[in-house]
Amino acid sequence: QVQLVESGGGLVQPGDSLRLSCAASGRTFSRYGMGWFRQPPGKEREFVAGIAWNSASTFYRDSVKGRFTISRDNARNTVYLQMNSLKPEDTAAYYCAGSTYSSATSNFRDYDSWGQGTQVTVSS
């Protein structure tokens, strides 16, 4: 497993931007896919974005396509989630996750490492 620590959440207004960061330590970060999930209030955890070990592929849930960008810096053992044009429905606790594969999937069962989460609240 890998230890993950998220940061960058906060309270913002609709249309604002935030960048979440996730610092990893432990197993070799650069060999594994990474993902971001979120859990809105009163709802189940849902996939947001995923990135392969070498950044060759990324994918997103439909509702964030064109607004969110996942990226990683293997030299810094860090994965990012740039969130633009935030909407109230993006309000959630956001979790970074480490995959057991070199690719990344939308299935939370494919991830064995989770951060503690960072809260993002979008409200006017």
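Look up: the structure comes first, before these words.
Because the structure is a prediction, the values reported are computed rather than measured.

Scoring rules and cut-offs
- Residues numbered from 1 in each chain as written.
- Predicted model: local features only at pLDDT ≥ 70, side-chain atom pairs only at ≥ 80, totals over all residues.
- Heavy atoms only, no water.
- Helix = DSSP H or I, 4+ residues; strand = E, 2+ residues; numbered from the N terminus.
- Contact = heavy atoms within 4.5 Å.
- Buried < 20%, exposed > 50% of the residue type's maximum accessible area, 1.4 Å probe, protein only.
- Lys, Arg positive; Asp, Glu negative; His and termini not counted.
- Salt bridge = Lys/Arg side-chain N within 4 Å of Asp/Glu carboxyl O.
- Polar contact = N/O pair within 3.5 Å; in protein donor to acceptor, adjacent residues only side chain to side chain.
- Pairing = 2+ DSSP bridges.
- 1 Å grid on protein atoms, 1.4 Å probe; cavity = no way out; pocket = protein on both sides within 12 Å on 5 of 7 lines; lining within 4 Å.
- Points joined across faces, edges and corners; volume = space filled by probe spheres on them.
- Nonpolar A, V, L, I, M, F, W, Y, C, P; charged D, E, K, R; others polar.
- Phe/Tyr/Trp six-rings, centres within 6.5 Å; stacked < 30°, edge-to-face > 60°.

Participant: Before we go on, may I ask you to explain the environment of P14 in this structure?
Facilitator: Summarising the element assignment, P14 is placed in the loop between β2 (10-12) and β3 (18-26). Residues P14 and D90 lie 76 residues apart in sequence; the distance between their C-alpha atoms is 9.5 Å. If we skip the residues at most four places from it in the chain, P14 touches L86, P88, V122, S123 and S124.

Participant: Just checking my understanding: could you explain the side chain of R72 for this structure?
Facilitator: Examined against the element boundaries, R72 turns out to sit in strand β7 (residues 68-73). No salt bridge forms around the buried R72; measuring N to O, its nearest opposite-charge neighbour D73 is 8.3 Å away. Here Y32 takes part through its backbone oxygen, which lies 2.7 Å from a polar atom of the side chain of R72. Within the structure, R72 has its side chain in polar contact with the backbone oxygen of A52 (distance 3.0 Å). Those residues in contact with R72 that sit more than four places away from it in its chain are F29, S30, Y32, G33, M34, I51, A52, W53, S55, T78 and V79.

Participant: Sorry, what's going on with the pairing of strand β9 (residues 92-99) here?
Facilitator: Burial within β9 is extensive, with 8 of its 8 residues counted as buried. Pairing analysis gives 6 bridges linking strand β4 (residues 34-39) to β9, with the strands arranged antiparallel. Residue Q39 lies in a different strand from β9, and its bridge partner there is A93. As defined by bridge partners, β9 adjoins strand β11 (residues 118-122) across 3 bridges and the pair is classed as antiparallel. Along β11, the bridge assignment pairs Y94 with T118. In the sheet, β9 pairs with strand β10 (residues 111-114) via 3 bridges, with the strands oriented antiparallel.

Participant: What is the right way to look at empty space enclosed by the protein in this model?
Facilitator: Rolling a probe over the atoms, with the probe sized like a water molecule, indicates the empty space that remains. Counted according to the given criterion, the structure contains 1 cavity of 30 Å³ or more. The calculated volume of the largest cavity comes to roughly 30 Å³. Lining the largest cavity are V2, R27, T28, F29, Y32, M34 and G98. Residue composition of the lining of the largest cavity, grouped by class: 4 nonpolar, 2 polar and 1 charged.

Participant: It is not clear to me how the packing of aromatic side chains should be interpreted in this structure. Could you clarify?
Facilitator: When we look at a pair of aromatic rings, we describe it by the centre distance and by the angle of the planes. For the coordinates displayed, the defined rule picks out 5 aromatic pairs. On the numbers, 5.6 Å between centres and 75° between planes, the contact of F37 with F47 is edge-to-face. With F37 in strand β4 and F47 in strand β5 (residues 46-51), this pair connects stretches of sequence that are 10 residues apart. We note that F37, like F47, is buried. Between F37 and Y111, the ring centres sit 5.1 Å apart and the planes meet at 80°, which makes this aromatic pair edge-to-face. Here the residue F37 occupies a position in strand β4, and Y111 occupies one in strand β10, the gap between them amounting to 74 residues. The two residues F37 and Y111 agree in class, both being buried. Taken together, the aromatic side chains of F37, F47, F59, Y111 and W114 make up a single cluster linked through ring pairs.

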